[in-house]
Amino acid sequence: GIDDNPSMPWFGMDIGGTLCKLVYFEPKDLPKSETTSEVETLRNIRRYLTKNSAYGKTGHRDIHLQMENVTIRGLEGTLHFIRFPTNEMKNFLALAKYKGMAKLVTTVCATGGGAYKFEDDFKREVNMKLAKFDEFDSLLTGLHYIDRHNPTECYYWSNPTEESKCNKVKYDFSSPYPFLIVNIGSGVSVLAVYSATNYKRVSGTSIGGGTFLGLCCLLTGCNSFEEAIELAAEGDNTNVDKLVKDIYGGDYARFGLPGDLVASSFSALCSFGQMNSKDRRNKATRQDLARATLVTITNNIGSIARMCAIQEKIKRVVFVGNFLRVNPIAMKLLAYAMDYWSNGTMKALFLEHEGYFGAVGCLLKYHE
Ligand code: ADP
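Counting restarts for each chain, with residues numbered from 1 along the sequence as it is written. Owing to the predicted nature of the model, reporting of local features is limited to residues with pLDDT of at least 70; listing and counting of side-chain atom pairs is limited to 80 or more, with chain, interface and lining totals taken over all residues. Only hydrogens and water are set aside when side-chain values are computed; all heavy atoms of the structure are taken into account.

Per an unreviewed UniProt entry, the protein goes by the name pantothenate kinase and belongs to Phaedon cochleariae. Looking at the Pathway (unreviewed entry) heading of the UniProt record, one finds this comment for the protein: "Cofactor biosynthesis; coenzyme A biosynthesis; CoA from (R)-pantothenate: step 1/5." UniProt positions are given in the numbering used here, feature names are shortened, and annotations may be inferred rather than shown by experiment. Database annotation for the protein, UniProt heading Subcellular location (unreviewed entry): "Cytoplasm".

Structural data, given as structure tokens:
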């Protein structure tokens, strides 16, 4: 019953290689069983988290993702979605201590590698115990829960082959099985899901969102993911890549390869036999380099996803992870690639709470 609930505040945390995702459940009414001084601290924490949208220099609340009127363990409330860079963990813990967290006897539900890496710091700095959960179990639990509670969670991109007609369209994901999850975080994991509890990890690659950001910073001197995406949006990868038509003069029709297909990523910059390769390098702007990096990484992930889908005989492929945050270029490219290379038999699906499922899932798993 409600009285057996863990003490407040309720957090779910997914501490990844790049970003820490924090989900906070704000109850409509604070439980009566807490002592007076605890209630005071709880009020302060609730006020701090819900009245601000930025925390310290690098913490952000994604207000557009907030979910009202959800019920967890018999309590009604609101789910808030907060993220900060994992390398700011020391500052985050100092802030939590300053806000009085150490005075509360709390267990925080945590997943991701950081749940292990930072366990001792949580105990020492804010007297918090971590209840650790597996990251893929949490991801699936969170995904199912959010899809059931948000009617506009799942969508696809219509007409991905025609930029001007390409739009977001709601998708009914109520009978989803089987499906593939491609989680694009710092690295990439691919899961084949057959039911709410039956799944396996079928593949992965170290060439993921972290690779995009690292290479993009190196090539363009940019300093953030947002800046990398803005640069990419203004760039043209065909100044950097070699296309099929650069090699064939047109389509390679016999094997169905269109002339505009990238034949070799970044190759226009290094045709050593060619007189103009230095000119090509000088002509490539930071924007072009950012775009080519984004296209290279995204197409590689799309290609792995497609091979996994074929091998597992699965038609629906759900792409998640924060690499897709503010990144319609990558989403449309994935949608296009899945559609085109499967002759329209596979579908790329996307979810609004893209990077937060692990954090939601482990919050729900506590005292499940
Ligand atoms: P992880 O759990 O490995 O940290 P995420 O799903 O949180 O994975 O995704 C991390 C990736 O998301 C980064 O590698 C980067 O490509 C992208 N990303 C999106 N927003 C940001 C941001 N504000 N700061 C850093 N990386 C971001």
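Visitor: Which residues make up the site of the ligand, and what values go with them?
Guide: In the region of the ligand, 17 residues are neighbours, and Thr18, Lys21, Ser186, Asn322 and Arg325 sit closest. Here an oxygen atom of the ligand sits 3.0 Å away from a polar atom, N or O, in the main chain of Gly209. Here the open area of atoms and residues is found with the Shrake-Rupley method and a 1.4 Å probe, where only the protein chains shown may cover a residue. Against a free-state accessible area of 570 Å², the protein chains account for coverage of 87% of the ligand. Put simply, the parts of the chain that give the shell around the ligand at least two residues each are strand S2 (19-27), helix H6 (209-220) and helix H7 (225-234). Numbering goes from the N terminus for both helices and strands, where a helix is a DSSP run of H or I of at least four residues and a strand is a run of E of at least two. Counting residues per element, the shell around the ligand draws most heavily on H6, which supplies three residues. Taken together, the residues of the shell around the ligand break down into four nonpolar, nine polar and four charged. Each residue is tested against the molecule or strand, and it is near if at least one of its non-hydrogen atoms lies within 4 Å. The definition of a polar contact used here is a pair of N or O atoms within 3.5 Å, where within protein one atom must be able to donate a hydrogen and the other to accept one, and adjacent residues in sequence count solely through side-chain atom pairs. Three classes are used: nonpolar for Ala, Val, Leu, Ile, Met, Phe, Trp, Tyr, Cys and Pro, charged for Asp, Glu, Lys and Arg, and polar for all others, with Gly counted as polar.

Visitor: Could you give me a rundown of the environment of Glu312, with the residues and numbers involved?
Guide: Tracing the sequence through the fold places Glu312 in helix H10 (residues 286-312). Any residue under 20% of the maximum accessible area for its type is buried, any over 50% is exposed, and the rest in between are partly exposed; the area is computed with a 1.4 Å probe on protein chains only. Looking at Glu312, the relative accessible area reads 14%, which means it is buried. Measuring from C-alpha to C-alpha, the distance between Glu312 and Gln287 comes to 37 Å, with 25 residues separating the pair along the chain. Only heavy atoms enter the contact rule, under which two residues are in contact if any of them lie within 4.5 Å. Excluding anything up to four places from it in sequence, Glu312 contacts Ala192, Tyr194, Lys200 and Val202.

Visitor: Account for the nonpolar core, naming residues and giving values.
Guide: Judged by nonpolar contacts, the single largest core of 64 residues is most densely connected at Met13, Leu79, Phe81, Met89, Phe122 and Ile181. Here the element with the most residues in this core is helix H5 (residues 135-149); it accounts for six residues. Leave out the neighbours within four places in its chain, and Met89 touches Ile15, Cys20, Phe84, Phe118 and Phe122. Take the buried residues of types Ala, Val, Leu, Ile, Met, Phe, Trp, Tyr and Cys, join any two whose side-chain atoms come within 4.5 Å, and each joined set is a nonpolar core. If you look at the next biggest cluster of nonpolar residues, it comprises 39 residues, including Phe212, Cys216, Ala309 and Val317.

Visitor: Can you lay out the pattern of salt bridges for me, pointing to particular residues and giving the numbers?
Guide: Each reported salt bridge corresponds to a side-chain nitrogen of Lys or Arg within 4 Å of a carboxyl oxygen of Asp or Glu. Scanning the model with the defined rule gives 12 salt bridges in all. The closest approach of N and O atoms between Lys332 and Glu163, which form a salt bridge, is 3.5 Å. Linking Lys332 in helix H11 (residues 328-341) with Glu163 in the loop between strand S9 (154-158) and strand S10 (167-170), this pair joins segments that are 169 residues apart in sequence. We classify Lys332 as buried; its relative accessible area is 18%.

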